[in-house]
Number of protein chains: 2
Amino acid sequence: MTYSLRDFGSYTVGGRLVTVSGRPRREVSFTPSTRYMHDPNGTFAAEAAYVQYFVPERRRDRPPVVLLHGGGMTGSIWESTPDGRKGWLHHLLDRGLEVHVVDNVERGRAGWIPGLWPGEPVMRSLEEAWTLFRFGDTAGFDTRLAFPGQRFPVDCLEAFARGFVPRWTSTTDAQVTAFLALLERLGTASIVCHSQGGEIALRALAAAPARVAAVVAIEPSGTPVLPGSEALPPIRLLYGDYLSVDPIWEALLRGWTALAERHADVSLLDLSDAFPGTSHMAMLDRGTEAVAALVADAML
Amino acid sequence: MTYSLRDFGSYTVGGRLVTVSGRPRREVSFTPSTRYMHDPNGTFAAEAAYVQYFVPERRRDRPPVVLLHGGGMTGSIWESTPDGRKGWLHHLLDRGLEVHVVDNVERGRAGWIPGLWPGEPVMRSLEEAWTLFRFGDTAGFDTRLAFPGQRFPVDCLEAFARGFVPRWTSTTDAQVTAFLALLERLGTASIVCHSQGGEIALRALAAAPARVAAVVAIEPSGTPVLPGSEALPPIRLLYGDYLSVDPIWEALLRGWTALAERHADVSLLDLSDAFPGTSHMAMLDRGTEAVAALVADAML
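All figures in this text were calculated on a predicted structure; none of them were measured in a lab.

Draft legend 1. Quick look at the nonpolar core. Of all hydrophobic cores here, the largest spans 196 residues; its most connected members are F160(A), F179(A), F160(B), F179(B) and M281(B). Apart from the residues within four sequence positions on either side, F179(A) is in contact with V66(A), L68(A), V102(A), N104(A), I191(A), I200(A), A201(A) and A204(A).

Okay, structure coming up:
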């Protein structure tokens, strides 16, 4: 098929300048032939988000859709699956939606500043992804013996893990701020968010509900308090299968359920009803095209 | 205008699995409601490159073009300029070329592994970029008083710097290895490379000259020894204006000149003849569309 795009490209949004001083200069050798005295002091552009956008030629008159990745990942999870199928970016474009793919603060092309944030960055191992994302149990890791009916393409676990990036746990506020700057730039947007990105997006929604037309949150890692007095856009919380394998997921399910009970605008969709075997990575699972169609419906 | 693409998406290439053990587990709180014991040990996917590709609908029967960024940057420098003009990615697609944009090892969406490589990562300040990339002299930084005739959009220096990422100086070999894996995947490719990416690409060319159809190297940061006994593809070294402002550039110019004297397949093009005021960031300068046309000509 052909993708006819009216426009595509990238931009950065948000962020601030930080000044560093008092660090010693040091000789740096970037290449065998290029040595120079590097000054680690000065002004640095920090805490912006990187955004890549695609506008279909046959664009529907609907708000742009922002895709926000989860923790330890980048916008690449929306592009292509580890086994080479099309990502949700493509499926949403096919439906005439303008799409903006985010690398949030300190992830991927947004860059990071050594020494700026407290604490050590966390990097996820293949083993942790295997169990935490509910692909299979610990004993099944070595042989890639997944849970029965598993939709995630576990034979491509290494290719999936090549997309992992480190994350700080102290940058959530900065990520919310940059994401709000993106919403302000867009005016109004619909949001598709995943895991930690779900918590970022819901916090931004709480701060600026009028800027959000619709939300699809796939297994958000938390459920911030949403304003009860204002009209909220429709918020769909989607979750997958195997939640009973770890108390962390059962606790999150209680939080999602409670949020839906508090807000009439929040609805829950258990993907395991129609798509048994759905993992934490619903956008990469086999058969995800049907889930993407549901998501696009929510944006139209 | 409309961009008609036959295909686009992303993939990862190269890399290896590394195993970490012996580090203490620690409680991590990703969100206020989600705490768990993080195990920093295990298996990690390291040193792959991330590649985003675009295939124009009216694709010419020419090798795909690989765009390789310089040090401390990512593939985003080829997409859009800091002042919002189209990048070389667009200009090459417009000419019917298939384009693959790389984030090389430990840059951008390729991700990085804490503690894996020796030494501290280097992050470039706005001040260092201002002088090293030949936008202006130190005294002009605060007021953005650029060199006369400067083509770089210096009023967008902060937006430019938002695209900076840290870099290790100990990952060059891993970058060459991943880039070679990309060339092997593509079979044969033409290469457009910049600064440190120029050195990576020329080292890969020296290792696998049969895989490269043509090279345009913009101010490569070094000039590796190329094989003298084999046929080389045409290699064009492009450089900009103001080289006399810093001995580092004068030394590189001597290296480029010597390389062209040793190899009949290497030609030099001083962009300041036709485009005075060209900075180190020739792909972002004002009027870069004409330089992109020269580059596309070399790929066709």
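Draft legend 2. Highlighting the packing of helix α4 (residues 172-186) of chain A against helix α5 (residues 196-207) of chain A. Residues and elements named next belong to chain A. Two elements in contact, α4 and α5, have axes whose closest approach is 9 Å; the angle formed by their N-to-C orientations is 60°. For the element pair α4 / α5, the angle class is oblique. Crossing angle aside, the handedness with which α4 passes α5 is right-handed. For the pair formed by α4 and α5, the contact residues are T172, D173, Q175, V176, F179, L180 and L183 on the first element and Q196, I200, A201, R203, A204 and A207 on the second. Grouping the amino acids of the contact of α4 with α5 by side-chain chemistry returns eight nonpolar, three polar and two charged.

Draft legend 3. Main features of the relation of the copies chain B and chain A. For the pair chain B and chain A, the relating rotation is 180°, the translation along its axis is 0.0 Å, and the fit reaches an RMSD of 0.0 Å. Both copies of the chain, as the preceding transformation shows, are related through a two-fold rotation axis. Residue by residue, 100% of the interface of chain B is reproduced at the interface of chain A, so both copies engage with the same surface.

Draft legend 4. Broad picture of the packing of aromatic side chains. Considering all chains together, one arrives at 37 aromatic pairs over all chains under this definition. Through a chain of ring-to-ring contacts, three or more aromatic side chains come together here, namely W130(A), F133(A), F135(A), F141(A), F152(A), F160(A) and F164(A). Taking NZ or CZ as reference, R134(B) lies 4.7 Å from the ring centre of W249(B), over its face. For the cation-ring pair, R185(B) lies above Y11(B), with the distance from its terminal atom to the ring centre recorded as 3.6 Å.

Draft legend 5. Representation of helix α8 (residues 288-299) of chain B in the model. All names here are of chain B. The terminal C-alpha atoms of α8, which comprises twelve residues, lie 17 Å apart, in line with the 16 Å expected from a rise of 1.5 Å per residue. Within α8, the full set of buried residues consists of T288, V291, A292, V295, A296, A298 and M299. An end-on view of α8 places all buried positions within 155° of arc, on one side of the element.

Draft legend 6. Spotlight on the confidence of the model for chain A. In this model, chain A carries an average pLDDT of 96, and 98% of its residues clear a pLDDT of 70 or more. Predicted complex, confidence summary: ipTM 0.97, pTM 0.97.

Draft legend 7. Highlighting the pattern of salt bridges. Scanning the entire structure with this criterion turns up 26 salt bridges over all chains. The network of salt bridges with common partners includes E79(A), D103(A) and R109(B).

Draft legend 8. Structural detail: the interface of chain B and chain A. Taken together, the contact between chain B and chain A spans 81 residues of the former and 81 residues of the latter. Between chain B and chain A, a total of about 6,400 Å² is buried, with carbon and sulfur atoms accounting for 55% of that surface. Applying the counting rule to chain B against chain A returns six salt bridges. With twelve residues, strand β1 (residues 3-20) of chain B is the single largest residue contributor to the side of chain B that touches chain A. Alignment of strand β1 (residues 3-20) of chain A against β1(B), held across three bridges, turns out to be antiparallel. What sits directly across from Y3(A), in β1(B), is L5(B).

Draft legend 9. Structural context of unusual backbone geometry. Residues and elements named next belong to chain A. At E106, a residue that is not glycine, the phi angle is positive and equals roughly 65°. Along the chain, E106 turns up in the loop between β6 (99-103) and α2 (126-132). The class for E106 is buried, based on a relative accessible area of 2%.

Draft legend 10. Broad picture of helix α6 (residues 247-262) of chain A. Residue and element names in this part refer to chain A. End to end, α6 covers 23 Å across 16 residues, agreeing with the expected 22 Å (1.5 Å per residue, within 8%). Those residues of α6 not exposed but buried are I248, W249, L252, G255, W256 and L259. The arc enclosing the buried residues of α6, seen along the axis, measures out at 115°, which places them on a common side. Across from the buried face of α6, at angles greater than 90 degrees, the exposed residues are P247, R254 and E261. Capping of α6 at its N-terminal end is provided by D246; its side-chain oxygen lies 2.9 Å from the backbone amide nitrogen of I248.

Cut-offs applied
Residues numbered from 1 in each chain as written. Chains lettered and ligands numbered in written order. Predicted model: local features only at pLDDT ≥ 70, side-chain atom pairs only at ≥ 80, totals over all residues. Heavy atoms only, no water. Core = buried A, V, L, I, M, F, W, Y, C linked by side-chain atoms within 4.5 Å. Buried < 20%, exposed > 50% of the residue type's maximum accessible area, 1.4 Å probe, protein only. Contact = heavy atoms within 4.5 Å. Axes fitted to C-alpha atoms, helices over the stretch in contact; angles between N-to-C directions. Helix = DSSP H or I, 4+ residues; strand = E, 2+ residues; numbered from the N terminus. Parallel < 35°, antiparallel > 145°, perpendicular 65-115°, else oblique. Left-handed = near helix turned anticlockwise from the far one by under 90°. Nonpolar A, V, L, I, M, F, W, Y, C, P; charged D, E, K, R; others polar. Least-squares fit on C-alpha atoms with pLDDT ≥ 70 in both. Phe/Tyr/Trp six-rings, centres within 6.5 Å; stacked < 30°, edge-to-face > 60°. Lys NZ or Arg CZ within 6 Å of the ring centre and 35° of its normal. Expected span 1.5 Å × (residues − 1). Arc of directions from axis to C-beta. pLDDT = per-residue confidence, 0-100. Salt bridge = Lys/Arg side-chain N within 4 Å of Asp/Glu carboxyl O. Buried area = accessible area lost by both parts, 1.4 Å probe. Pairing = 2+ DSSP bridges. Polar contact = N/O pair within 3.5 Å; in protein donor to acceptor, adjacent residues only side chain to side chain.

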